Amino acid sequence: MILHRAYALAVVVTVTALLAFDGPAEAFVMLLSGLAPAAAIGWHLRRRRPGGPLPWHLALVGLGLLTGTNLLGLGADLGVVVPGGGLVAPVLMAAGFLGLLSASAVVVTRHTPGDGGGVIDAALIGVGAAGPLWEFVLRPRLAAGHAPAAVQLLALANLLALLATLGSMRRIARTMGTGSLRYLYVSIALGLAGVVASVLAADLPHPVAAKLVPALWAVAYLSFGAAALHPAAVTLTEPVGRQPERPTLRLAHLGAVLSINPVVGALPVLWGGKADAPLLSVGTLVVIGLVLARIGQLLRQRAEAESALAHRASHDELTGLLNRHGVLARLEESFGAGVGVLYCDLDRFKPINDTLGHLAGDEVLRQVAARLRAAVRPGDLVGRIGGDEFLIVCHGVDATRADALRRRLTAAVGAPMTVAGHQVDVGVTIGTALTGSGPALDRSGPSRDRRGAASGKAGTTLDHAGTALDEAGGASATAGSALDRAGNALDAAGTALAGPGTAEQLVAEADRKMYDRKRRPVTV
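Our subject in this report is the structure included herewith. A quick note: this is a predicted structure, and the numbers were derived from the prediction, not measured. (Residues numbered from 1 in each chain as written. Predicted model: local features only at pLDDT ≥ 70, side-chain atom pairs only at ≥ 80, totals over all residues. Heavy atoms only, no water.)

Here's the deal with the overall build of the protein
So, step 1. Helix and strand counts for the protein stand at 18 helices and six strands.
So, step 2. Pairs at least 24 residues apart make up 77% of the contacts formed inside the protein by residues separated by at least 6 positions. (Helix = DSSP H or I, 4+ residues; strand = E, 2+ residues; numbered from the N terminus. Contact = heavy atoms within 4.5 Å.)

Some details on the packing of helix H1 (residues 2-20) against helix H2 (residues 24-48)
So, step 1. Closest axis-to-axis distance for the H1/H2 pair is 8 Å, and the angle between their directions is 160°. On the basis of their axis angle, the class for H1 and H2 is roughly antiparallel. At the point where H1 passes H2, the crossing takes the left-handed sense. On the side of H1, the interface is formed by Thr-14, Ala-17 and Leu-18, while H2 contributes Glu-26, Val-29, Met-30 and Ser-33. (Axes fitted to C-alpha atoms, helices over the stretch in contact; angles between N-to-C directions. Parallel < 35°, antiparallel > 145°, perpendicular 65-115°, else oblique. Left-handed = near helix turned anticlockwise from the far one by under 90°.)

Thoughts on helix H8 (residues 207-229)
So, step 1. The end-to-end C-alpha distance of H8 is 34 Å, a good match for the 33 Å that 23 residues give at a rise of 1.5 Å each.
So, step 2. At Val-213, H8 shows its strongest bend, of approximately 25°, with the proline Pro-214 following within four residues.
So, step 3. Judged by how many residues are buried, H8 sits mostly within the fold: 18 of 23 residues are covered. (Expected span 1.5 Å × (residues − 1). Bend = angle between axes of the 7 residues up to and from the residue. Buried < 20%, exposed > 50% of the residue type's maximum accessible area, 1.4 Å probe, protein only.)

Regarding helix H15 (residues 399-414)
So, step 1. Helix length check: H15, at 16 residues, gives a terminal C-alpha distance of 22 Å against a target of 22 Å (1.5 Å per residue), a fit within 8%.
So, step 2. Taken residue by residue, H15 has Ala-402, Leu-405, Arg-406, Leu-409, Thr-410 and Val-413 as its buried positions. In a view along the axis of H15, the buried residues occupy a sector of 140°, so they form one face of it. Of the exposed residues in H15, the ones pointing more than 90 degrees away from its buried face are Thr-400, Arg-401 and Ala-411.
So, step 3. Looking at the packing, one finds that the buried side of H15 touches strand E1 (339-347), helix H14 (358-375), strand E3 (389-395), strand E4 (417-419), strand E6 (427-434) and helix H18 (503-519). (Arc of directions from axis to C-beta.)

Observations regarding the pattern of salt bridges
So, step 1. Evaluation of the coordinates by the stated rule reveals 17 salt bridges.
So, step 2. Between Arg-139 and Glu-135 there is a salt bridge whose closest N-O contact spans 3.1 Å. With Arg-139 and Glu-135 both in helix H5 (residues 116-144) and four residues apart, the pair spans about one turn of that helix.
So, step 3. Note on Glu-135: relative accessible area 6%, which makes it buried. (Salt bridge = Lys/Arg side-chain N within 4 Å of Asp/Glu carboxyl O.)

So, a nonpolar patch on the surface
So, step 1. There is a patch of nonpolar side chains on the surface, built from Leu-285, Ile-288, Leu-292, Ile-295 and Leu-299 and spanning about 510 Å² of accessible area.
So, step 2. Within the fold, Ile-295 resides in helix H11 (residues 277-314). (Patch = residues over 30% accessible without salt bridge, like charges linked within 9 Å, V, L, I, M, F, W, Y side chains within 5 Å. Areas by Shrake-Rupley, 256 points an atom, 1.4 Å probe, with all protein chains shown as cover.)

Concerning unusual backbone geometry
So, step 1. We note that Arg-348 has phi near 60°; this positive angle belongs to a residue other than glycine.
So, step 2. With respect to the element layout, Arg-348 can be found in the loop between E1 and helix H13 (350-356).
So, step 3. Residue class for Arg-348 comes out partly exposed when judged on its relative accessible area of 46%.
So, step 4. Of note, the phi angle at Ala-420 is positive, near 55°, even though the residue is not glycine.

With respect to the packing of aromatic side chains
So, step 1. Scanning all chains against the criterion turns up one aromatic pair.
So, step 2. Ring centres of Tyr-7 and Tyr-183 lie 5.0 Å apart, and the angle between their planes is 70°; this geometry places the pair in the edge-to-face category. Of this pair, Tyr-7 sits in helix H1 while Tyr-183 sits in helix H7 (residues 179-200), and the two are 176 residues apart along the sequence. Each of the two residues, Tyr-7 as well as Tyr-183, counts as buried. (Phe/Tyr/Trp six-rings, centres within 6.5 Å; stacked < 30°, edge-to-face > 60°.)

This is the structure:
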């Protein structure tokens, strides 16, 4: 591939120039190596216009700060004195690394949906590995060179951030088939090598050792530029599809990782020295931040899981409507005066399953659910309580409004629909039941006032029944008619005593009326 060849040629030319030049010329080569990836990122943003450009903007900020470091080096070689002494360059370098690492962190999070916990665990492993490397390799060299405390802190912060980022990027190794991501990983790894080498090779007399650090950093810059130029960079910063949750670090292993830095930082006390204050402070702060992020991620996962379980428990998976349990629970909660239910049973649905298959039947149910949702009023509840049975719960309705809604639902469901390339025609039979417009009802049954009124009505109707029976006994010619009136009066008395006093009774009443309509179809 042309890019790989151009990258290899740029690396060879840059390293050769660094080995050949000294002083201002060497600093100028470093300056160009930092400007090259910035130009590559600018070209990528302008020409390709990738989605989610935030990582590239962060990378530009980081490269700009690192370019400032290179300018300071060039100025020092030219004899320019910068105010602030030797702390300005380390601060700029740390801020520049922070920009690049932030860009890498955004890429990592966008490549690991569903595996946030694993990424944080991997970052913690990287932070744990930084402790021994710092305590036994880098800190002794810095102490021997009498490096200021601020320089030591910045070096440790760079080390922790680099290793945490590398650990996170190793977690997404399964997606590293994209060349752009591989170049990014190489860039971060070389940056880490440059930080370590800058400490270990600081006092080495060999001339090549002095060239090692700038060479590592220059190639890291070029690798970042290659990541921006690679064709896969267009999708590098875009979120990928959600991946299945992967097993994460075991609790015992996590505890071991968390204890590394405190143990290593306190080891010098055992042989009469002082505890490693930078590691115990900066390292602990980094670990606390990662642990808090992990706890927050676990809490979010738990809340999402509980919400998903609650939704599944109360909703129908096929249509997204409330299921039987969900709609009856809502009806029970709001049961009272002015509540109506419409029990809907589809007509001519079974032939669709028999002729077009169950997948077509499922599509019919989904389309019917959508039509019911669109036809009801705002605030009305729609649920699927059986195979082809639906329940509508309305509030603040009377018989006239409930009948108007029934007619609207019947017309909506009865309109032709296309399923699996076929036009199908289903209908719906709806039974309606209302609680009435009196005072609110007790969930356990009719209220005392309602029971009293019902009893009074029943007594009156029973009196009518008795009168009718007397008439039957006194006039045999009209006995049959009087007995019919008595039976009707007794039925009315039973209805007055019972009534839909609970949510279950209301649904049962609507169900009964729906089946009455099926047996005796009415004109809509």
